Structures are given as C-alpha cells and as structure tokens.
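Secondary and tertiary structure notes
So the chains spell out like this:
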Amino acid sequence: MSPALLFAFVIGYFILLLIVAWYTSRNANNESFFIGNRNSNWMLVAFGMIGTSLSGVTFVSVPGAVGKAITDNPSFSYLQITFGYLIGYILVAYLLLPLYYRLHVTSIYNYLNNRFGLIPYKTGSSFFILSRTLGATARLYLVINILQEAILQNFHIPFWLTTLIILLMILLYTYRGGVKTIVWTDTLQTTCMLLGLIICTLYILNSLHLSFFDSLHLMKEKGYSKIFFTDPNSKLFFLKQILAGIFITITMTGMDQEMMQKNISVRTLTGSKKNVVTLGFILLIVISLFLFLGGLLYLYAAQQNVTDTGDKLFPTLALHYMPQIVSVIFIIALISALFPSADGAITALTSSFCIDILGLQRRNDLPDKSKKQIRQRVHLTVAFIFLCFVMMYKWVDNKSMIGVILKVAAYTYGPLLGLFAFGILLNRKVNDRLVPIVCIIAPLICFIIDKYQKQIFGSFEIGLELLLYNGLLTFLGLLFISKKPGPAPQFQQT
C-alpha cells in the first residue's frame, strides 16, 4: 500500500486525538493533570486502561510469541501469566486501593513517606521512574520502528526524527490536560485497537477458509495451542508463570503511579474497585484473542511462504500480504496501541517527579502559575529522555520486546514490591538511610542469580518469577535494618 496514503490516515487519526484533547482540557489545572480532579468515570477508566495495559508490544509481540519470540516452545503459554494477572488485579482492588483512598494520595508513593519517611519515599518513587522509563520506551521503540519501516523511511526521514515527531504528537495532546485528557483519549484508542484485532482475526479466518474450531484444531497439530507446562524445572512451569503474573500485576499496576493515577482519579473507592476487577477479566479475554490471532498468523504465514517470526510477523503480513484496507486498520490499531502506553507514561513520570522528587505540592511558597511552569518543563524533559532511550533500544535491536520489558520489570519493580509488602505486613521501623542500599543490592543479587542460574541450580530454570525473589530479598534486607517500634511515651497527671 502507498506509504503516503498510510501516512495520511495516521495524520487524520492524530487530528482526531487533538480534537478530543482540546475538548477535555478546557479549564485544566495541576489537579486535572495529576488525577483528573478525582472525577473520572470508572467504566471509561477500565475500558481505556486496556490500551494502557496492553500497548503496541502486546499488539505485535504476543501474537509473535506463539512462535518462538519469548520461549523456545511455540505455545499459548503466555496465557498462564494472564491467569496470574487476573488474581493480581483482584488483590490490587481489595488490598492496595483501599489504602490509597484512605490516605487520599495524589502520588501512591506518599504511602512510603507516611510509613517510613522521606528517604524510602524518594527511593520508591525513583525506582518507579526508572522502571516506567525503561518499560515505556521499550514499548514506544517497537511501534515507532514498525512505523519507520512501513511508512516514514520511504520519505527518507531518519529514525530519530520519526521518534521526535511521535513524541511531539503525544506532547501536543497531553501537555495541558494530563490525566483528565488521557482518560478520554485512551478510550478512543482502545476502541480502535480492539477493532483492529477483531477485523484482522476475521480476515485471516476467512482467507484460510477456516471456522473457529477448525483453526484451533490446526493450531493444536502445530503445537501452538498448548497452554499449561507441567515440568517444575522449566521456566514455563504453570505455577511459576501464574505466580509471576500475580506479582507483575501487583507491582506494574498496584505499585505503579501511571496505572494507579487513573484508578484514584475515579470518584469513589467502590467505582475504582469495579474498574480494576473488570479490567482483569477483560484482559484475560483480550489476551486470549491476541494469542488466537498469533496462531492464525503463523498458519497464514505458512500459506504465504513467509518465514518471519516474532515481532516482525504481524507487520509483515498486515502490510504486504493483506488488502489495503486491512493495512490501514493495522496501522491505526498499532498507533492506537502505542499512544495509551506512551502518553500515560510521560504524564505519570511528570507527576511522580514533580510530586515525589521536587515536592511541588508541598511548596506553599510557590504560586500556582510557577508550579504549572515547573510541571511543563518537567513534561518536556521527560519527553526528551524518552527520545534518548528509544534511540538506545534501536541500537540494541532486540527481536522480542515483550521479553525485554518483563525481564526489566523483574529487576526494577522488585524493590517496590519489597517496600510496600514490608510496610503493609509488618509494624517495624527501618533505618531509612539504609533503605536505598537494600533496594540496590537486592536487584544486583538477582542479576547474579539469573546470570549464573545453570551453575547454581542445574536444570532448574528461573523465569519471570525472578520479580518475586527480588521483592523477597528486598523484604529480608528491610527486616535486617529494622527494629520494633518503641513503647508509646507515658504521661503522668499533675
């Protein structure tokens, strides 16, 4: 299909986003930017968060993983993690959300400030900033790379300029409205992404002349549809994968400012709980559809004699072996998957840095106009950092970005898991100056364990549950530097 025509559709879609952003950001202030004035509708948030949770990586990498992108075994094994996601969302709804609403926080890391003090608070928020920057830029790189190869390289536009253009687009519609705008734009983008998923699935079924059950039978013959792995030594062992899914959700949603920023923008705790639990069930269905599409893509690729696998499979087939209308739908769905993960991340990182690191809300000496100017400068700086990290991923050029993202999360979200778990489960005081050291040592130990696991454990493999071990090491480190709180002072009556 003509790159110019595809580019025209991208521009048209972006103009639509700008119209939505203009409408929703009228009379916006810092409160609107950070938490949407705590007035978001829970159904809109739940639906829009599908796009944020999935992103362009899910749209491309999860179908590709049905082959050999993540594992050495073609399978639906990712569904094991998804069952863990569902359990994790339920735990987030009933354990963490009540805590955040009770404290009436704007940044969820204020809990760490209330529980431990300023240094652990800034340590937790710093790990979030690192985690979200690495994860969000990896997702951003994947989609920008596809757009570059499909459209913009035909106009001799370099990759760095493509990245800059995309980031400027995101800045344009989030610069004023923040969360208040993102709740609505995410809803639009999620709709487009899911429509793209359904239309591409139906097209391939029709092209292969297969019914739903016939296609499942063929996938089973090829070994694509295997879900559960029962070898305890394998990193795909179902208990490891489900546990990993539970704690990935608890950390990457329940302890993540970007995700919780939208949840605590909902009017009531009850509505926020409905939002999170509903999201868990919807994601289970949607990811199942993505895996089913992945199986279809490999069947379709075999028919077309296409040998691409992993992240390259879906783009190659959609843009070169399907009708023009499907190519357009794929591109719109892809950028619809891109924007929710990138816009939310930039907004959340801006919020976290302003509130947690700079202490903007505690600065009563600054007028609102000055606070707004600081927030806008931080917003632009975060976008520039995204540009730098996307260029780094371009240099690394990993073939399966979802594997990279989940592995990075195991290292960077582990300290957050340990901090929150220790604060919630134990009533002990920590030496706050030693908290950053514990939170750095735990991931380093996990890195050594992961790197030399064959020498240490033999045939036993550690997979994504490395996140749990990281959190446990952090927890034990905090226990080591903690003590029981002293008795309350006694006062004598005079």
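Residues numbered from 1 in each chain as written. Predicted model: local features only at pLDDT ≥ 70, side-chain atom pairs only at ≥ 80, totals over all residues. Heavy atoms only, no water.

1. With respect to the overall build of the chain
Per the secondary structure count, the chain includes 20 helices and two strands. The contacts in the chain between residues at least 6 apart in sequence include a share of 84% that link residues at least 24 apart. Carbon and sulfur atoms make up 65% of the accessible area of the chain, which totals about 20,800 Å². (Helix = DSSP H or I, 4+ residues; strand = E, 2+ residues; numbered from the N terminus. Contact = heavy atoms within 4.5 Å. Areas by Shrake-Rupley, 256 points an atom, 1.4 Å probe, with all protein chains shown as cover.)

2. Observations regarding helix H4 (residues 78-103)
With 26 residues, H4 should cover 38 Å at 1.5 Å per step; its first-to-last C-alpha distance of 36 Å lies within 8% of that length. A maximum bend of about 35° is found in H4 at Leu 96, where proline Pro 98 lies one to four positions downstream. Downstream of H4 by one or two residues, His 104 has phi in the positive range, about 55°. (Expected span 1.5 Å × (residues − 1). Bend = angle between axes of the 7 residues up to and from the residue.)

3. Brief notes about unusual backbone geometry
Of note, the phi angle at His 209 is positive, near 55°, even though the residue is not glycine. Owing to a relative accessible area of 71%, His 209 belongs among the exposed residues under this scheme. Residues other than glycine seldom take positive phi values, yet Asn 305 does so here, at roughly 60°. Counting through the fold element by element, Asn 305 comes out in the loop between helix H12 (269-304) and helix H13 (313-320). Given the relative accessible area of 67%, Asn 305 is considered exposed. (Buried < 20%, exposed > 50% of the residue type's maximum accessible area, 1.4 Å probe, protein only.)

4. Remarks on the environment of Gly 359
Examined against the element boundaries, Gly 359 turns out to sit in the loop between helix H14 (324-357) and helix H15 (368-396). The class for Gly 359 is buried, based on a relative accessible area of 2%. Remark: the alpha-carbon pair of Gly 359 and Lys 122, spanning 237 residues in sequence, is separated by 10.0 Å.

5. Describing the nonpolar core
Here is a general trend for soluble globular proteins: nonpolar side chains tend to be buried in one another's company. One finds Phe 59, Tyr 100, Phe 330 and Phe 386 to be the most contacted residues of the largest nonpolar core, which totals 144 residues. The element contributing the most residues to this core is H12, with 17 residues. (Core = buried A, V, L, I, M, F, W, Y, C linked by side-chain atoms within 4.5 Å.)

6. Considerations on a nonpolar patch on the surface
Among the surface-exposed residues, Phe 447, Ile 448, Tyr 452, Ile 456 and Phe 457 lie close enough to one another that they form a single nonpolar patch of about 480 Å² accessible area. Those elements giving two or more residues to the nonpolar patch turn out to be helix H18 (435-451) and helix H19 (453-457). Positionally, Ile 456 belongs in helix H19. Residue classification places Ile 456 among the partly exposed residues on the basis of a relative accessible area of 48%. (Patch = residues over 30% accessible without salt bridge, like charges linked within 9 Å, V, L, I, M, F, W, Y side chains within 5 Å. Salt bridge = Lys/Arg side-chain N within 4 Å of Asp/Glu carboxyl O.)

7. Considering the packing of aromatic side chains
What the rule picks out here adds up to 17 aromatic pairs. An angle of 90° between the planes, with centres 6.5 Å apart, marks the rings of Tyr 100 and Phe 420 as edge-to-face. Of the two residues, Tyr 100 is situated in helix H4 and Phe 420 in helix H17 (residues 414-425); the sequence distance between them amounts to 320 residues. Feature note: the residues Tyr 100, Tyr 109, Tyr 111, Phe 128 and Phe 420 constitute an aromatic cluster, connected by ring pairs. We note Lys 226 situated over the ring of Phe 229; from NZ or CZ to the ring centre the distance is 4.4 Å. Cation over ring: Lys 394 sits above Phe 159, and NZ or CZ is 4.9 Å from the ring centre. (Phe/Tyr/Trp six-rings, centres within 6.5 Å; stacked < 30°, edge-to-face > 60°. Lys NZ or Arg CZ within 6 Å of the ring centre and 35° of its normal.)

8. Remarks on the packing of helix H6 (residues 118-150) against H17
Taken N-terminus to C-terminus, the directions of H6 and H17 make an angle of 145°; their axes are 9 Å apart at the nearest point. In this structure, H6 crosses over H17, and the sense of that crossing is left-handed. Residues Pro 120, Gly 124, Phe 127 and Phe 128 of H6 lie in contact with H17, whose contacting residues are Pro 415, Leu 416 and Leu 419. Residues that form the contact of H6 with H17 fall into these classes: six nonpolar, one polar and no charged. (Axes fitted to C-alpha atoms, helices over the stretch in contact; angles between N-to-C directions. Left-handed = near helix turned anticlockwise from the far one by under 90°. Nonpolar A, V, L, I, M, F, W, Y, C, P; charged D, E, K, R; others polar.)

9. A look at the side chain of Thr 350
Within the secondary structure, Thr 350 is located in helix H14. Looking at Thr 350, its side chain comes within polar contact range of the main-chain oxygen of Ile 346, at 2.7 Å. (Polar contact = N/O pair within 3.5 Å; in protein donor to acceptor, adjacent residues only side chain to side chain.)

10. Some remarks on the side chain of Gln 80
Residue position: Gln 80 is located in helix H4. On the accessibility criterion, Gln 80 (0% relative accessible area) is buried. A polar contact is formed between the side chain of Gln 80 and the backbone oxygen of Leu 236, at a distance of 3.0 Å.

11. Focus on the confidence of the model for the chain
Parts of the model with low pLDDT should not have their predicted coordinates read in detail. For the chain, mean pLDDT is 79; residues scoring 70 or higher make up 82% of the total. Within the model, pLDDT remains below 50 along residues 488-494, and this stretch shows zero contacts once partners closer than five positions in the same chain are excluded. (pLDDT = per-residue confidence, 0-100.)

12. Brief notes about the environment of Pro 443
Position of Pro 443 relative to the elements: it lies in helix H18. Separated by 33 residues in sequence, Pro 443 and Ala 410 have C-alpha atoms that sit 8.5 Å apart.

13. A short note on the packing of H6 against H18
Closest axis-to-axis distance for the H6/H18 pair is 9 Å, and the angle between their directions is 30°. When the interaxial angle is binned, H6 and H18 end up roughly parallel. Listed contacts from H18 to Ile 119, Pro 120, Thr 123 and Phe 127 of H6 are Val 435, Pro 436, Cys 439 and Ile 440. A class-by-class count of the residues in the contact of H6 with H18 yields seven nonpolar, one polar and no charged. (Parallel < 35°, antiparallel > 145°, perpendicular 65-115°, else oblique.)

14. Concerning the pattern of salt bridges
Overall, the coordinates contain one salt bridge when judged by the stated rule. Measuring nitrogen to oxygen at the nearest pair gives 2.7 Å for the salt bridge that ties Asp 256 to Arg 132. Remark: Arg 132 occurs in helix H6 and Asp 256 occurs in the loop between helix H10 (238-254) and helix H11 (257-263); sequence separation between them is 124 residues. Summarising the burial analysis for this pair, Asp 256 and Arg 132 share the class buried.

15. Thoughts on helix H20 (residues 466-480)
Look at H20: 21 Å from first C-alpha to last across 15 residues, which is about the 21 Å you get at 1.5 Å a residue. Listed as buried for H20 are Leu 466, Leu 467, Asn 470, Gly 471, Thr 474, Phe 475, Gly 477 and Leu 478.

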